[in-house]
Structures are given as C-alpha cells and as structure tokens.
Amino acid sequence: QKEVEQDPGPLSVPEGAIVSLNCTYSNSAFQYFMWYRQYSRKGPELLMYTYSSGNKEDGRFTAQVDKSSKYISLFIRDSQPSDSATYLCAMRAGAGSYQLTFGKGTKLSVIP
Amino acid sequence: DTGVSQNPRHKITKRGQNVTFRCDPISEHNRLYWYRQTLGQGPEFLTYFQNEAQLEKSRLLSDRFSAERPKGSFSTLEIQRTEQGDSAMYLCASSLESPLHFGNGTRLTVT
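My aim in this report is to walk through the structure given alongside it, one point at a time. This one's a predicted model, so the numbers in the text were calculated from it and none came from an experiment.

**Side note on the sheet that holds strand 1 (residues 5-7) of chain B**
Residues and elements named next belong to chain B. On the basis of which strands lie adjacent, the open sheet formed by 4 strands has the order 1-3-8-7 and antiparallel pairing. Either end of the sheet is taken by a strand with one partner, and the two such strands are strand 1 and strand 7 (65-68). The sheet shows a mean angle of 15° between the axes of neighbouring strands, direction not considered. With 4 bridges connecting them, strand 7 and strand 8 (residues 75-79) associate as antiparallel partners. In the sheet register, E68 faces strand 8, and the bridge partner there is T76.

See below:
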C-alpha cells in the first residue's frame, strides 16, 4: 500500500459543477497538507496549504482535512474550463521534515 | 518574485551520456528541493538543501546522481551514464519554510 492514495481519474464534469477530489493516507505523522494544480508540461502550482485537521477556503476552493480518518478533500465550486488540469495532493510530517509525499494526481476535465 | 527557473526545459540525450540541469530558486528562499516525476505519477523526492548544505537524500538518488548548491544560491543536478529509466521530468522547488514553490521542470529523454 502506498503512503498516499489518490484516484487518477480521469474525471469529467460540466462547467459550473462542484468538483470533489480526495486523497487517503496511511502515515499518521503527516501534519501538513497541500493541493497542487498541474497543467500539461508545467510544474505543480500551489492551490491550498493546511495544517492539521479542519477546513480552509480560498475563493472557489475549499480544502478539508480529517486526520482521524486520514482523508483529505479539495472542493471546487462553479468549475470552469480553465480548471481542467491534474490535481495533486501532497503532505509532509512535522517540524524538521521537509520531504513532500505526493499522490498520483487526478486528471480533471471541465466541459463547457 | 520571478519564480523558480529551470534550464534547459527539454534535454534529449543518448544512453551513457552525462547531463546537467540548473535550478535558480526564488531569491530569498533558503531551501531548495529536487523531485522527479514520471508520466501518470506524482513527483518523487530526490534531495533537499538548506542553504548550501545537502540535508536529505532519497534512496532513489543512485550514485550516478549528484546535486550541488554552491554558495546557497542556484543548484545543479548531474546524472552520469544516463539510462533509459532516467527519462522523466526533473522538478526543482524552493521555500523559506513551507510550502514549496515549483519550477516548470526539465524534461529529460534518454534514447
């Protein structure tokens, strides 16, 4: 079992839909959780960064972390064709550890 | 903030040749990271520098790989005697604390 599991999709939704992306993990030491967006032939771009459990909202994006279930989510409201990309979850342990462990990424297509 | 810059963007080389990639981090960032990403996978950690000191190395980083960060500024990643399995996107990232900011990578193709 990999440390971080993420359904690779592909996921296809109509414009305006709410998108839900998820990752599960097995390492209880993970404390910092991130979501990155990656367009084709580009590097990952940070979307959301959260510490420990809870919710964080930024515009159309909401990140949720449930450490008790080892489960993190990213919600995208009012999805746009420009949201079409691969979404990567990433996480790391606490202070002194800067190595990120990534999921495989979920490829999302938003259809106009 | 001009972002993390990586050169070259693409490199095609023949098996057995040596290649070197360069990364220029965001100017005030003291931490620098190298990751490797193959098709359909998330990035995998290779190595980490704090200033000029290389503090972490993955077991993925075989003896053919070497990374440097002289004077704590730019970094280079060298792969000696390249193999077809080295074909991947090599990503550089930098940070002050957290989180990491990535460059657009160097895509290596070994023929």
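Having seen the structure, we can now continue with the description.
**Re the nonpolar core**
Core analysis: the largest hydrophobic core is formed by 24 residues, its most contacted members being W35, I72, L74, I76, Y87 and M91 of chain A. Those elements giving two or more residues to this core turn out to be strand 3 (19-25), strand 4 (32-38), strand 5 (45-51), strand 7 (61-66), strand 8 (71-76), strand 9 (85-92) and strand 11 (106-111) of chain A. Core analysis: the next-biggest nonpolar cluster, separate from the first, contains 19 residues, V4, W34, C92 and L108 of chain B among them.

**Observations concerning the interface of chain A and chain B**
Listed per partner, the contact involves 19 residues of chain A and 22 residues of chain B. Of the roughly 1700 Å² buried at the junction of chain A and chain B (both faces included), carbon and sulfur atoms supply 52%. When the area that chain A buries against chain B is broken down by residue, the three leading residues are R41, Y98 and Q99 of chain A, summing to 35%. Counting the contacts that link chain A with chain B gives 5 residue pairs in polar contact (both at pLDDT 80 or more). When contributions to the side of chain A that touches chain B are tallied by element, the ones reaching two or more residues are strand 4, strand 5 and strand 9 of chain A. The element that contributes the greatest number of residues to the side of chain A that touches chain B is strand 4 of chain A, accounting for 3 residues. For the side of chain A that touches chain B, the per-class residue count stands at 9 nonpolar, 5 polar and 5 charged.

Rules used throughout
Residues numbered from 1 in each chain as written. Chains lettered and ligands numbered in written order. Predicted model: local features only at pLDDT ≥ 70, side-chain atom pairs only at ≥ 80, totals over all residues. Heavy atoms only, no water. Pairing = 2+ DSSP bridges. Helix = DSSP H or I, 4+ residues; strand = E, 2+ residues; numbered from the N terminus. Axes fitted to C-alpha atoms, helices over the stretch in contact; angles between N-to-C directions. Core = buried A, V, L, I, M, F, W, Y, C linked by side-chain atoms within 4.5 Å. Buried < 20%, exposed > 50% of the residue type's maximum accessible area, 1.4 Å probe, protein only. Contact = heavy atoms within 4.5 Å. Buried area = accessible area lost by both parts, 1.4 Å probe. Polar contact = N/O pair within 3.5 Å; in protein donor to acceptor, adjacent residues only side chain to side chain. Nonpolar A, V, L, I, M, F, W, Y, C, P; charged D, E, K, R; others polar.

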